[in-house]
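Coordinates in review
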Amino acid sequence: HAKVFKEVAKSGCVGSIAVVKQGIVHLGHAGDTRVVFGMKNSKTNEWKSVRATPDHICDNEDEIERINNAHPGEKVIYGDRVLGVLQPTRAFGDNRLKQSKEWIEKVFENDDKVKNPVYHNMKNKKF
């Protein structure tokens, strides 16, 4: 239903998933979640944690470079947040940060819970 879509599109989320198949780990990851593996040293029997995914946040220089390359000449990161609002640099949903003002106004017409898009001058809508 359109109503359900509209409610879901207003918000966003981040997440990580790991699928192990035939001894191979496949990872999916978006946002400020993190996949960490526990590894046991067979000689010392000590465990250590090993990060398996990068953080998709505004503190990650690779993420800032990726966003700046995707949006040349635009100020997308300010206040240490994407469009001044979101700390994760990748997320599911959060359409008000990704769609044009015209799209939001059309889809959310007469919905007083959704205000104008955060970033009115965004040229390239894809992150």
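Above: the structure in question.
Here is a short report on the structure shown in this document. Note that the structure is a prediction, hence the values are computed from the model and not measured.

Some words on the pattern of salt bridges
Oppositely charged side chains can form a pair if their charged atoms are brought close together. All chains considered together, the criterion is met by four salt bridges. Residue D55 pairs with R34 through a salt bridge whose shortest N-O separation is 2.5 Å. Note that D55 is positioned in the loop between strand 5 (47-51) and helix 2 (61-70) and R34 in the loop between strand 3 (24-30) and strand 4 (36-40), a separation of 21 residues in sequence. Judged by its relative accessible area of 42%, R34 is partly exposed. Classification of D55 as buried rests on a relative accessible area of 13%. Sharing partners across several salt bridges, the network here consists of R34, R51 and D55.

About the criteria used
- Residues numbered from 1 in each chain as written.
- Predicted model: local features only at pLDDT ≥ 70, side-chain atom pairs only at ≥ 80, totals over all residues.
- Heavy atoms only, no water.
- Salt bridge = Lys/Arg side-chain N within 4 Å of Asp/Glu carboxyl O.
- Helix = DSSP H or I, 4+ residues; strand = E, 2+ residues; numbered from the N terminus.
- Buried < 20%, exposed > 50% of the residue type's maximum accessible area, 1.4 Å probe, protein only.

Limitation: the analysis is restricted to geometry and does not speak to function.
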